[in-house]
Amino acid sequence: MTGMDIFTNFADLEQKKRNIAILGSTGSIGTQALEVISEQSEILAVSVLTANSNSQLLIEQAKKYQPNTVVIADESKFQEVRDALWDDDIKVFAGIDALSEVVELDEIDFVLTALVGYAGLKPTINAIKAKKQIALANKETLVVAGALITKLAEQNAVNIYPVDSEHSAIFQCLVGEFHNPIEKIYLTASGGPFRGFTKDRLLNVTPTQALKHPNWDMGAKITIDSASLMNKGLEVIEAKWLFGLKAEQIEVVVHPQSIIHSIVQFEDGSMKAQMGLPDMKLPIQYALCYPKRVKNEFKRFNFLDYPELTFESADTETFRNLELAYDALHREGNAACILNAANEVVVDAFLKEKVKFMEMPELIEKSLDKIPFIAEPTYDDYVQTDNETRSLIKELI
Ligand code: NAD
Ligand code: MG
């Protein structure tokens, strides 16, 4: 793993609790992370909680878990949160800048990036510069600026622990392999709610249908990404940066049962897979407690419930987003930043029924062709690319 010593011992865990800042504590990953932290309260503690605008849940979580600090990104909710937590001795900040500043607090050991989208970029950069270990759920950050993030992580000797289930699987397969090179990896994909659909059948699918994921209960944006196969595309790019791979070394295989979470193939042809029931609490716990495997009460897998595990290839002819993501990966530079920004806008528009399902890849492809290419983008270039792409897509819609 880039810039990463995956053989750290767990002496630190035995000496003191790990203090965790959760960016996006009110979301799907955030709420599950809070359950993990409270189940493992002998070694983990909550230090900071943040939310975009769900003030009620943030207040409830703060009262229950007693962090030192909370941030609400939506400034109009500041008064409400501050008043509610006045007697709890919890510091309250508001605004998007506060999110980037709070990760620098001395007491924090780990920052769990569980917020969604491009908004994760700036706080992740600041957390790395402040030498905080990163548990990364927010894949968009690596998609947008993987080159910059992995370089910063290396310079600051910060490890990036994957939370995404596929990447956690790869990571778990690599532990103990010392310097054995990876020949290739297989990322598994459930195929989402529209697996097997033809183009015609996809023309009029609705947000409600797309939000019904067969195996995982997740936030709205990633659920739409799963239905359109963009999620797998983003994960291919995420894997490239986490594990230092070339596009040709990353293959996607559809596995509808979501039991095998991903596979590493080594240079002797041996393949290692990580498997278990689909439950994000396991990869969250593994990232936060690494390298320790801590006993828990999560439901165990039973072979007889799954007499058949099946595999098929992804239909990239129908679901074009996966190809577009590989295309962005080959182009390098700011291409994946364009892909991500375009995708965030079209997903939002699809949820609001302003674009149709099959129009999403068309709009993304147009933005990849129209937004100026930058071979070696700086942070400011990423910001500009993101802005320009969003404006372009809004015009096109
Ligand atoms: P979610 O929509 O359920 O939650 C998002 C959280 O981020 C909320 O707490 C929200 O308040 C906060 N947030 C949203 N926009 C924000 C903004 N602009 N500024 C500050 N905070 C903001 O999302 P989720 O499903 O938990 O996903 C979070 C991240 O984890 C995504 O990057 C997703 O791709 C990744 N991920 C999620 C799952 C999953 O099972 N949910 C699995 C793998 C990876
Ligand atoms: Mg995943």
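Located above this text is the structure these notes cover.
Residues numbered from 1 in each chain as written. Chains lettered and ligands numbered in written order. Predicted model: local features only at pLDDT ≥ 70, side-chain atom pairs only at ≥ 80, totals over all residues. Heavy atoms only, no water.

## Observations concerning the overall build of the protein chain
Heads up, the rule is: Strands are runs of DSSP state E lasting at least 2 residues, helices are runs of H or I lasting at least 4, and numbering of each runs from the N terminus. Between the two quantities, the radius of gyration covers C-alpha atoms and the globule rule is 2.2 Å times the number of residues to the power 0.38. Classification of residues uses two cut-offs on accessible area relative to the type maximum, computed with a 1.4 Å probe and protein chains only: under 20% is buried, over 50% is exposed, and between them is partly exposed. Here, residues are in contact when the closest pair of their heavy atoms is within 4.5 Å. Only the protein chains shown count as cover for residues, with accessible areas throughout obtained via the Shrake-Rupley method and a probe of 1.4 Å. Only four residue types enter the tally: Lys and Arg on the positive side, Asp and Glu on the negative side; His and the chain ends are excluded. Where a charge lies is defined by one atom per residue type: Lys uses NZ, Arg uses CZ, Asp uses CG and Glu uses CD.
The helix and strand tally for the protein chain stands at 17 helices and 11 strands. In summary, the protein chain has a C-alpha radius of gyration of 20 Å against a globular reference of 21 Å for 397 residues, a match within 12%. Residue burial in the protein chain is summarised as follows: out of 397 residues, 57% are buried. Of the contacts made within the protein chain by residues no fewer than 6 positions apart, 69% connect residues no fewer than 24 positions apart. For the protein chain, the exposed area adds up to about 17400 Å²; of that, 49% sits on carbon and sulfur atoms. Between the averaged position of the 39 positive side-chain charges in the protein chain and that of its 58 negative side-chain charges there is a distance of 2 Å.

## Digging into the sheet that holds strand β6 (residues 133-136)
Hydrogen bonding along the main chain pairs the strands of a sheet, whether they run parallel or antiparallel. The criterion, for reference: Paired strands are those between which DSSP finds at least two bridges. Note on geometry: axes are lines fitted to C-alpha atoms, helical ones only across the stretch in contact, with angles between N-to-C directions running from 0 to 180 degrees.
Reading across from one edge, β4-β3-β2-β1-β5-β6-β7 is the order of the 7 strands in this open sheet, with parallel pairing throughout. In this open sheet, the two strands that pair with only one neighbour each are β4 (91-94) and β7 (160-162). Within the sheet, the average angular offset between the axes of one strand and its neighbour, ignoring direction, is 20 degrees. Bridge analysis of strand β3 (residues 69-72) against β4 gives 4 bridges, and the strand direction is parallel. Paired with T69 across the two strands is K91, which belongs to β4.

## Considering the side chain of N231
By secondary structure assignment, the location of N231 is in helix α12 (residues 230-243). With residues up to four places along the chain from it excluded, the contact list for N231 reads K139, I222, D225 and S226.

## Quick word on the environment of A157
Topologically, A157 is positioned in the loop between α7 (139-155) and β7. Taking the relative accessible area as the measure of exposure, A157 reaches 58% and is therefore exposed. In the structure, A157 is positioned 29 residues away from I128 in sequence and 8.7 Å away in space, judged by C-alpha atoms.

## Focus: a negative patch on the surface
The cut-off we apply is this: Distance thresholds for patches are 9 Å for like charges and 5 Å for nonpolar side chains (Val, Leu, Ile, Met, Phe, Trp, Tyr), applied to residues having over 30% relative accessible area and no salt bridge. For salt bridges, the criterion is a side-chain nitrogen of Lys or Arg within 4 Å of an Asp or Glu carboxyl oxygen.
Taken together, the side chains of E75, D97, E101 and E104 define an acidic patch exposed on the protein surface. Within the fold, E75 resides in the loop between β3 and α4 (78-84). Of the residues examined, E75 reaches a relative accessible area of 57% and is grouped as exposed.

## What to know about the packing of helix α6 (residues 121-129) against α7
Selection criterion: In these notes the angle categories are as follows: under 35 degrees is roughly parallel, over 145 is roughly antiparallel, 65 to 115 is roughly perpendicular, and the rest is oblique. When residues are sorted by character, Ala, Val, Leu, Ile, Met, Phe, Trp, Tyr, Cys and Pro go into the nonpolar class, Asp, Glu, Lys and Arg into the charged class, and all the rest, Gly among them, into the polar class.
Running from N to C, α6 and α7 cross one another at 10 degrees; their axes reach a closest spacing of 11 Å. Between α6 and α7, the interaxial angle falls into the category roughly parallel. In this structure, α6 uses L121, T124, I125, I128 and K129 to contact α7, whose residues at the interface are T141, V144, A145, L148, I149, L152 and A153. The class makeup of the residues in the contact of α6 with α7 is 9 nonpolar, 2 polar and 1 charged.

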